[in-house]
Amino acid sequence: MNRSFLILGGTGDLTGRLLLPGLAELVDAGVLDEPVAVLAVSQEDWSDDQYREWARARLTEHAGHVPEKSRDRLVGWLGYRHGDVTIPADLRAGLDRAGGVPVVYLALPNTVFLPTLEALAEVGLPEGAVVAVEKPFGRNLADARKLNEVLHRLVPEESVFRTDHFLAMQTVLNILGLRFANRMFEPVWNAQHVERVDIVFDETLGLEGRAGYYDTAGALRDMLQNHLLQMLAVVAMEPPAALDARSLAARKADVLRAVRPPSDMRRDTVRARYTAGTVGGRELPDYTAEAGVEPDRGTETYAEYTVEIDNWRWAGVPFRLRSGKALGADRHEIVLRFKPVPHLAFDRGSQDGGGPEPDLLRLRLLPDGISLEVNLNGAGDPFDLERRSLEVDLPPTRLSAYGLLLNELLAGEAALSISDVEAEESWRIVEPILAAWAADEVPLLEYPAGSDGPATG
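Now for a quick tour of the structure. (Residues numbered from 1 in each chain as written. Predicted model: local features only at pLDDT ≥ 70, side-chain atom pairs only at ≥ 80, totals over all residues. Heavy atoms only, no water.)

Here's the deal with the pairing of strand E2 (residues 37-42)
Moving residue by residue along a regular strand, the side chains alternate between the two faces of the sheet. For clarity, the threshold we go by: Working definition: with a 1.4 Å probe on protein chains only, accessible area under 20% of the residue-type maximum means buried, over 50% means exposed, and in between means partly exposed. A run of H or I in DSSP counts as a helix once it spans at least four residues, and a run of E counts as a strand once it spans at least two, with each numbered from the N terminus. What makes two strands pair is DSSP finding at least two bridges between them. Orient the strands so they point away from the viewer; a crossover is then right-handed if the path from the first strand over the helix to the second runs clockwise.
Burial analysis of E2 places 5 of its 6 residues in the buried class, which makes it a mostly covered element. Bridge count for strand E1 (residues 3-8) against E2 is 5 bridges, and the pairing is parallel. Pairing of Leu8 across the sheet is with Val41, part of E2. On the question of chirality, the crossover connecting E1 to the parallel E2 by way of helix H1 (residues 13-29) is right-handed. Examined bridge by bridge, E2 and strand E3 (residues 78-82) share 5 bridges and lie parallel to one another. Bridging across to E3, Val41 finds its partner in Arg81.

Laid out in structure tokens, this is it:
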């Protein structure tokens, strides 16, 4: 199949920081070994040469790990067209110039997803075309349903790629291997043995000039509605019949359908935003003083909620999802905390005189790794217990998360995508939280930049 790649929003941050480096990785890996038409469409009045110079600078900045020869080869395939992605005639001109069977990538603000898709539906796409849509997929359940309706008029569901690069992270993919290729883990992967699950993505980064997007989204929409719920779905899903797009999507959707939103918003949800402070020796201003922020919006930079899954495997197990900005340390992990043993023969417990800590399985992201924290006999008194961590650091993969996603896209595979049902169920879960926060049923707390987060008492 003669594939082409049409990037709508081809001069944006996403394209320069992630898409072009991902394509350069595919060139270097030999996945793209023949010239592929890559056409960017955006509103800058540029020529092809001007765009190639812009792209070369972005690749130098963000794809230094890719040899210059491969970067230059990709640059030679790039073309550019000035146009408005919501105008059918401009899209038609872009599709005609790209030629072939296109992968159409909406590297755009989500506020223009709908008019862009409606314009594409008016123009029409050839059989075999693929449409990729970035997150967040709408701003609420009604938006998501409308986007799905237009997408289904445009291409079949199996040709829609709702991207979530967390699904392509090495550790997230390794959850599948850990659970389903090792008999020792799957029998204890349930409510009988697991006490709780924490899914955490804490960042030391502040706003970093992203107020235009972030101040209208907030931590809940930016991280917990999509990325972290997808990780919950992978952790909690039933074994799929096969690791193909249909089987994975069906099992993840089953989990999301069974998630019960928090019943007590004040108890089970937390929202907060950072105030001035120091992170790693760097002074950060109060969030409300950041350029482009509207303080009266009450946008949260920290979001947390706890849900339960109403099914046989996980009934009664709390799943806590948390993400915040400008915190004192980066913490990116999924932690399964196992229940205590039913009877402890070690009367003396651990060396500090207390009982032994529970077994913990940590699945670390950025950098990728897995650790299992267990209790073993001490080096002195054999009846004392000591804590030991069995760890493995996962070697870096040749392709980044976006490299893997783009490889799937160009191959027409959607195993690392989010299905229509998943997208809508994710909004069903968080909409009651958004409504409670908008009504100020949950107070907006504050935490100093560089701290561990808000004090929730």
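Some points on the packing of aromatic side chains
The line we're drawing: Pairing of aromatic side chains here covers Phe, Tyr and the six-membered ring of Trp, requires ring centres within 6.5 Å, and sorts the geometry by plane angle: under 30 degrees stacked, over 60 edge-to-face, intermediate tilted.
Under the defined criterion, the tally for this structure stands at 10 aromatic pairs. On the numbers, 5.8 Å between centres and 40° between planes, the contact of Trp46 with Tyr80 is tilted. Remark: Tyr80 occurs in strand E3 and Trp46 occurs in the loop between E2 and helix H2 (48-62); sequence separation between them is 34 residues. Taking 5.2 Å as the distance between ring centres and 20° as the angle between the ring planes, the aromatic pair formed by Tyr51 and Tyr80 counts as stacked. Taken together, the positions of Tyr51 in helix H2 and Tyr80 in strand E3 put the pair 29 residues apart, joining distant regions of the chain. By relative accessible area, Tyr80 is classed as buried at 3%. Within the aromatic cluster, the residues linked to one another by ring pairs are Trp46, Tyr51, Trp54 and Tyr80.

Quick notes on the environment of Ile175
Note the cut-off: The contact criterion used throughout is that any non-hydrogen atoms of two residues lie within 4.5 Å.
The residue Ile175 is located in helix H7 (residues 170-180) in this model. With relative accessibility at 1%, the residue Ile175 sits in the buried group. It is 24 Å that separates the C-alpha atoms of Ile175 and Arg221, two residues lying 46 residues apart in sequence. Ignoring any residue separated from it by four or fewer positions in sequence, one finds Ile175 in contact with Val234, Val235, Ile334 and Leu363.

Looking at the side chain of Lys252
Along the chain, the position of Lys252 falls in helix H10 (residues 245-258). Note on Lys252: relative accessible area 3%, which makes it buried. Residue contacts for Lys252: discarding those within four places in its chain leaves Leu167, Gln230, Ala233, Val234, Met237, Ser417 and Glu422.

What about the pairing of strand E9 (residues 269-275)?
For E9, a buried count of 7 out of 7 residues is recorded, marking the element as mostly surrounded by other parts of the structure. Relative to strand E19 (residues 444-448), E9 runs parallel, the two sharing 5 bridges. Note on E19: the bridge partner recorded for Ala272 is Leu445.

Description of the pattern of salt bridges
When the charged atoms of two side chains lie near each other, side chains of opposite charge can form a pair. Inclusion rule: Each salt bridge in this description consists of a side-chain nitrogen of Lys or Arg and a carboxyl oxygen of Asp or Glu lying within 4 Å of one another.
As enumerated under the stated definition, the model contains 39 salt bridges in all. Close ionic contact of Lys252 with Glu422 constitutes a salt bridge, the shortest N to O distance being 3.1 Å. Residue Lys252 is found in helix H10, and its partner Glu422 is found in helix H13 (residues 420-438); the two are separated by 170 residues along the sequence. Accessibility assignment for this pair places Lys252 and Glu422 in one class, buried. A network of salt bridges, in which partner residues are shared, links Arg331, Glu333, Arg362, Glu373 and Arg387.

Remarks on the environment of Leu74
Note on placement: Leu74 falls in helix H3 (residues 68-77). A sequence separation of 51 residues divides Leu74 from Leu23, and the C-alpha atoms of the two residues are 7.5 Å apart.

Thoughts on unusual backbone geometry
Going from Lys135 to Pro136, the amide bond is cis rather than trans, its omega being -5°. By the element assignment, Pro136 lies in the loop between strand E5 (130-133) and helix H6 (141-154). The backbone of Asp440 sits at a positive phi, close to 60°, despite the residue not being glycine. Among the structural elements, Asp440 can be located in the loop between H13 and E19.

A closer look at the sheet that holds E5
Heads up, the condition is: Axis lines are fitted to C-alpha atoms, over the contacting stretch for helices. Their N-to-C directions set the angle, which ranges from 0 to 180 degrees.
Read across the open sheet, the 7 strands follow the order E3-E2-E1-E4-E5-E6-E18; overall the sheet is mixed. Looking at which strands have only one partner, the edges of the open sheet turn out to be E3 and strand E18 (417-418). Across 4 bridges, the pairing between strand E4 (residues 101-106) and E5 is parallel. From the neighbouring strand, Val104 faces E5, where its bridge partner is Val131. Strands in contact with H3 are E2 and E3; relative to E3, the strand with the most contacts, it is inclined by about 40°.

Describing the nonpolar core
Counted only if it meets this: What makes a nonpolar core is a set of buried Ala, Val, Leu, Ile, Met, Phe, Trp, Tyr and Cys residues whose side-chain atoms join them at distances within 4.5 Å.
In this structure, Leu8, Leu120, Leu232 and Phe319 are the most contacted members of the largest nonpolar core, which totals 103 residues. In this view, Leu232 contacts Ile199, Val255, Val259, Val307, Ile309, Phe319 and Leu321; residues no more than four positions away in its chain are not counted. Core analysis: the next-biggest nonpolar cluster, separate from the first, contains 40 residues, Leu19, Val27, Ala168 and Leu399 among them.

A few points about the packing of H10 against H13
What describes two packed helices is the angle between their axes and the distance between those same axes. Test applied: Every angle not falling under 35 degrees, over 145, or within 65 to 115 is termed oblique; those three ranges are roughly parallel, roughly antiparallel and roughly perpendicular. We call a crossing left-handed when the near helix sits turned anticlockwise from the far one by less than a right angle, and right-handed when that turn is clockwise.
Two elements in contact, H10 and H13, have axes separated by 9 Å at closest approach and are oriented at 15°. One finds that H10 runs roughly parallel with respect to H13. In the crossing of H10 with H13, the sense of the turn from one axis to the other is left-handed. The residues of H13 that touch H10, namely those facing Ala249, Lys252, Ala253, Leu256 and Arg257, are Val421, Glu422, Glu425, Ser426, Arg428 and Ile429.

Focus: H7
For H7, every residue scored as buried is listed here: Gln170, Thr171, Val172, Ile175, Leu176, Leu178 and Arg179. Of the surrounding elements, those touching the buried residues of H7 are helix H9 (227-236), strand E14 (331-338), strand E15 (360-364) and strand E16 (369-377).

Points about the packing of H7 against H9
Counted only if it meets this: The classification used treats Ala, Val, Leu, Ile, Met, Phe, Trp, Tyr, Cys and Pro as nonpolar, Asp, Glu, Lys and Arg as charged, and all other residues, Gly among them, as polar.
Running from amino to carboxyl end, H7 crosses H9 at an angle of 10°, the nearest separation of the two axes being 9 Å. Judged on the interaxial angle alone, H9 and H7 are roughly parallel. In contact with Val172, Ile175, Leu176 and Arg179 of H7, H9 contributes Met231, Val234, Val235 and Ala236. Here the residues of the contact of H7 with H9 sort into 7 nonpolar, no polar and 1 charged.

Any link to function would need more than the numbers given here.
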